[in-house]
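Chain and residue survey
Letter by letter, the chains look like this.
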Amino acid sequence: MSLEEKYRELFARGKKVLHGSAPALMNSLRQSALERFFESADFNDEKYRQISPLTALYPANDDLENIPPWRKTLRFRPIEGVRTVVVKNGQIVSDDCSFVRNYKITGLRQFIEQHRDIAKDYFANLTNKYETPLTALNTAFCNDGFVIYLPKTVQTFRPVYIYNITTVGFANYHNMIIAEKDTSVNICIRNIVNAPNNAIFNGVTEIFADSKSNVALTQLNDGYYANLYNSFLCRQAASSKTALCSVTFSGRQVINSFNMRLEGKYSETRLLGASFPSQGQQISHLSTVEHSGAGATSDQLFRNILSDNGIGVFNGRIHVGPRAAETVATQRNDNLLLSDDAKMFTKPDLVIDNDDVKCSHGATVGQPDSDALFYCRARGIAEHDARRLLAKAFITELLKKLNCKFASEHTAELIERWLDSYHY
Amino acid sequence: MLKIKDLHASINGTEILRGINLQINAGEVHAIMGPNGSGKSTLCNVLVGRPEYAVTMGTVVFKDSDLLTQPPEERARRGLFLSFQSPVEIPGVPVANFLKAAVNERLKFNNRAELAGGQFLKYMHGKEKLLNMPPELINRSVNEGFSGGEKKKSEIFQMAMLEPDLAILDEIDSGLDVDALRNVSDAIGKLKTDTRAMLVITHHCQLLSYVRPNFVHVLSKGRIIRTGGPELAWDIEDKGYDWIQEEKP
Ligand SMILES: Nc1ncnc2c1ncn2[C@@H]1O[C@H](COP(=O)(O)OP(=O)(O)OP(=O)(O)O)[C@@H](O)[C@H]1O
Ligand SMILES: [Mg+2]
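Residues numbered from 1 in each chain as written. Chains lettered and ligands numbered in written order. Predicted model: local features only at pLDDT ≥ 70, side-chain atom pairs only at ≥ 80, totals over all residues. Heavy atoms only, no water.

Concerning the overall build of chain B
Scanning chain B from terminus to terminus reveals 10 helices and 12 strands. Its C-alpha atoms give chain B a radius of gyration of 18 Å, within 12% of the compact-globule value 18 Å for 249 residues. Across its three principal axes, chain B shows a C-alpha extent of roughly 60 × 40 × 35 Å. Taken across its 249 residues, chain B has 53% of its residues classed as buried. When contacts within chain B are restricted to residue pairs at least 6 apart in sequence, long-range pairs at least 24 apart make up 67% of them. Accessible surface for chain B amounts to roughly 11,000 Å². Of this, 47% is attributable to carbon and sulfur atoms. Here chain B carries 30 positive and 32 negative side-chain charges, and the mean point of each set is 4 Å from the other. (Helix = DSSP H or I, 4+ residues; strand = E, 2+ residues; numbered from the N terminus. Rg over C-alpha atoms; globule rule 2.2 N^0.38 Å. Buried < 20%, exposed > 50% of the residue type's maximum accessible area, 1.4 Å probe, protein only. Contact = heavy atoms within 4.5 Å. Areas by Shrake-Rupley, 256 points an atom, 1.4 Å probe, with all protein chains shown as cover. Lys, Arg positive; Asp, Glu negative; His and termini not counted. Charge placed at Lys NZ, Arg CZ, Asp CG, Glu CD.)

Next comes the structure, spelled out in C-alpha cells:
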C-alpha cells in the first residue's frame, strides 16, 4: 500500500469518527485540504512516513492517571491563582470556574456551533492563506481543539493554564486565540503526548491579535516518543503585542513553526524558543516574521541545549516589506552543544525591501566555555556541576525575556527538572 | 602549608617553569615579583591545576598531601585559592548562586554541614560588610560587565567567602585606582590570620607596603633567582630587575 493510499484509507475511516459530528464549516474544507496535502507534501520526508492504517484515531491510552512513574512530572497539578483548563484529546474536560470571567474558553466545535458568525471570519483564515503540508493535513483531519475568545476591552488578570494531554496515535487539533481590540491575556499551555511510539501530534494554533491587544502564549512541550508538530500562525493589527514562547523538552521529531504577520502599524512581537534535543531526537524551530505594517518591532531569541546525538534545526526568516518603514527586527539563535555527537543546523535569514529599518540577525554554536568551566573548578565546583551551572545560565538568559511571571516560573521549574535529570 | 620542590612545567611543549623551589608556612605572607613573562601566572595556574599546563618534573605538597595528583576542584576544596590575573565572565550565573555552590562544596569536603539559603545569605552579608562590598555587584552575574577594579574586588570577596588556607593573589593590584588599591589592600589586611598563608604576586611596592610580606622572591625565566625581606621589593622598584640578573653567575 502506498503512503497516499494509507492516508486515504485513514481519511475514509476518519469520516465516520470525525465528520459525523463536526460542524459543516470544518467538514467543507477537508477533502480539498487532503488533496493539497498530497500535492505539497514530500513523502520522502520522514515526518509523513510514520502513518499506518492502524494508526489510532481513537484514544489509545485513555487513562489520565496512567502515566508511568518516570513521567510523573507530567502529571496534572492544579495551580493556584490561575484559570486551569484540562484538555484531553482535543476536548475540554474541566475548566475551573472558581471566579467570574468575561471571556470564553470553549471547544472548537462548540465555538463554531455557538458563534457561527464570528467563527466563519476566523476559522482556517490563516491556515488557508499560508498553508503548509502540515497545516493542510491538519485541516483534512482536524477533530477538535480549543478557542480562547476575548471580546473587546476584556483584560484578563489571571493567567490561563491549559493542561493539554493527548493519548491518541494521530491527533490534529486546531486551536484559536481571538483577541479583539484592547484585550489582554496570558496563556501557558502544557502540551503532553502520552501516546504510543511514533504517534503523530499535528497541532495548529491561529492567533488573531486585533488592535491594541496583548497576547502572551507560552507552550511547554513533552512529546516523548511521539512526533510533535506545532504550527503557530498569527496576524497582528495596529499596536498589538504578542509574545510567543515555545519550550520543548522531548519528542522523537519535533517541529515548532511560527508564521507571524505584522500587518498593523506599530505592532510588536517577541518569539522565544528553547529546546533540549538528546538521544535520537530532532527538534526544529522554523520562524517567519513578515513585516508589512510600518513601525513594527520583532524580537526573536531561540536557544537550544543539545546532548547525546540530539539534532537541532533553526530556520529563521525575517521579511521586511516595501511599506514597512521604521521596522526594528532582531533575530538570534544560540546553541550549546554538550556532546561531540550532537548536531545543530542553523540558518538565520533576513530579506529587506525597505531602507528605513534596523535589523540584526546572528547565530552561535558552541561548547561550554572552557575558561568558565575551569574558573568554576578552581572554586571547588566539579566539572559536572559546572556544566550544569553554565547550561542553566544559558537558558536563564531566555527566561528573563518572558514577561508573564507564572509562565516564567513554571518554565523555570520544568527546566530545572530537565537539568537535574540530565547526566552531563 | 606549601612545599614546592624543583618544579618544572611547560605549555605547548615550551618549558616555562624551570626548577622552582619554595616553601610557605602557615601564617606567612610571601611575595613574588619578576619581569613580564617570567612565569608568575604560570606558577599560579600549575598550582591550581589548569589542564593546559604540563608538569614535567618536581613535587608540590599542600597541607601534607600531594597536590599535583588532585583535580582542581579538590585543591580548592582543601583550601587553595587563586585570585586570577584576569577573571572570566560567566553570564547568567549570579555571584550569590556561584558562591553558594562553591562554599558548600568546601564545607561538604570538610565534613561540615552545608549552608541552607537563609544561613548562606547571612554568612554572605557578614562578609559583604566586612569588606565594604557593594551589594549590587553580588546581584549581578559573575564578573559580567565588571570593570577591571570590580573584578579584583569580586575576587577578594570570593576569597573572603571561601576562607582558604593558602591564598594566591595574582596581580590583585593591577588596574586599580588609588582608592580601590587602598580598599583592596585593606580587605587583604582583614583576611590575614595567624594560620592563613598568602602568596602575593605583584609588580608594585605599594601593595606590599600594606600587606607586609615576610619574604620577597624574584622570579626570572622560570626560576626563583633571589629571596629576601621586604626591602628587596623597594630595591626592585628603584633599580629594576637587571642588576639581580647580572649578579647571577
Ligand atoms: N597558552 C600559552 N601558550 C604559549 N605560551 C604561553 C601560554 N601561556 C603563557 N605562555 C608563555 O609563558 C610565559 C610566562 O607567562 P606568564 O603568564 O606566566 O608570565 P607572568 O610572569 O605572569 O607575566 P606578567 O607579569 O605579564 O603577568 C610567557 O612567555 C608566555 O608567553
Ligand atoms: Mg601574570
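A short note on the interface of chain A and chain B
Contacts between chain A and chain B engage 17 residues on the former and 28 residues on the latter. A combined buried area of about 1,900 Å² lies between chain A and chain B, and 64% of that area is made up of carbon and sulfur atoms. When the buried area of chain A at its contact with chain B is split by residue, Phe374, Tyr375 and Arg379 of chain A rank highest and sum to 40% of it. A salt bridge links arginine 377 of chain A to glutamate 73 of chain B; the shortest N-O distance between them is 2.8 Å. (Buried area = accessible area lost by both parts, 1.4 Å probe. Salt bridge = Lys/Arg side-chain N within 4 Å of Asp/Glu carboxyl O.)

Focus on the environment of aspartate 222 of chain A
Residues and elements named next belong to chain A. One can find aspartate 222 in strand β10 (residues 214–222). A relative accessible area of 7% means that aspartate 222 is categorised as buried. A polar contact is formed between the side chain of aspartate 222 and the side chain of arginine 190, at a distance of 2.9 Å. Polar side-chain contacts of aspartate 222 include one of 2.6 Å to the side chain of serine 250. (Polar contact = N/O pair within 3.5 Å; in protein donor to acceptor, adjacent residues only side chain to side chain.)

With respect to the domain arrangement of chain A
All names here are of chain A. Assigned domains within chain A: domain 1 (3–264) and domain 2 (371–424). The interface of domain 1 with domain 2 comprises 14 residues on the first partner and 11 residues on the second. For the pair domain 1 and domain 2, the summed buried surface comes to about 1,100 Å²; carbon and sulfur atoms form 77% of the total. At the junction of domain 1 and domain 2, the tally comes to 0 salt bridges. (Domains from an automatic or database assignment.)

Some points on the site of ligand 1
Residues and elements named next belong to chain B. Neighbouring ligand 1 are 15 residues; Gly37, Lys40, Ser41, Thr42 and His203 lie closest to it. Within the side chain of asparagine 12, a nitrogen or oxygen atom sits 3.2 Å from a nitrogen atom of ligand 1. In isolation ligand 1 offers 640 Å² of accessible surface; the protein chains occlude 62% of this area. Among the elements that line the shell around ligand 1, the one with the most residues is helix α1 (residues 40–48), at 3 residues. Across the shell around ligand 1, the residue classes tally to 4 nonpolar, 9 polar and 2 charged. (Near = heavy atom within 4 Å. Nonpolar A, V, L, I, M, F, W, Y, C, P; charged D, E, K, R; others polar.)

Examining the sheet that holds strand β4 (residues 53–62) of chain B
Across the sheet, 4 strands lie side by side as β2-β1-β4-β5 (chain B); this open sheet has antiparallel pairing. Strand pairing shows two members of the sheet lacking a second neighbour, β2 (14–24) and β5 (65–66) of chain B, which therefore form its edges. (Pairing = 2+ DSSP bridges.)

A short note on the coordination of the magnesium ion (ligand 2)
Residues and elements named next belong to chain B. Every protein donor of the magnesium ion (ligand 2) is accounted for by Ser41 (OG) and Gln85 (OE1), and the metal-donor separations fall at 2.0 to 2.2 Å. Placement of serine 41 in helix α1 and of glutamine 85 in the loop between β6 (80–83) and β7 (90–94) is noted, with a sequence separation of 44 residues between them. The class of glutamine 85 is partly exposed, set by a relative accessible area of 31%. (Donors = N, O, S within 2.8 Å, 3.2 Å for Na, K, Ca; no water.)

Topic: the layout of surface pockets
All names here are of chain A. Estimated volume of the second largest pocket: approximately 500 Å³. Lining the second largest pocket are 30 residues, and of these Thr132, Ser257, Leu286, Ser287 and Thr288 lie nearest its centre. Sort the elements by how many residues they give to the lining of the second largest pocket and strand β13 (residues 253–262) lands first, with 6 residues. (1 Å grid on protein atoms, 1.4 Å probe; cavity = no way out; pocket = protein on both sides within 12 Å on 5 of 7 lines; lining within 4 Å. Points joined across faces, edges and corners; volume = space filled by probe spheres on them.)

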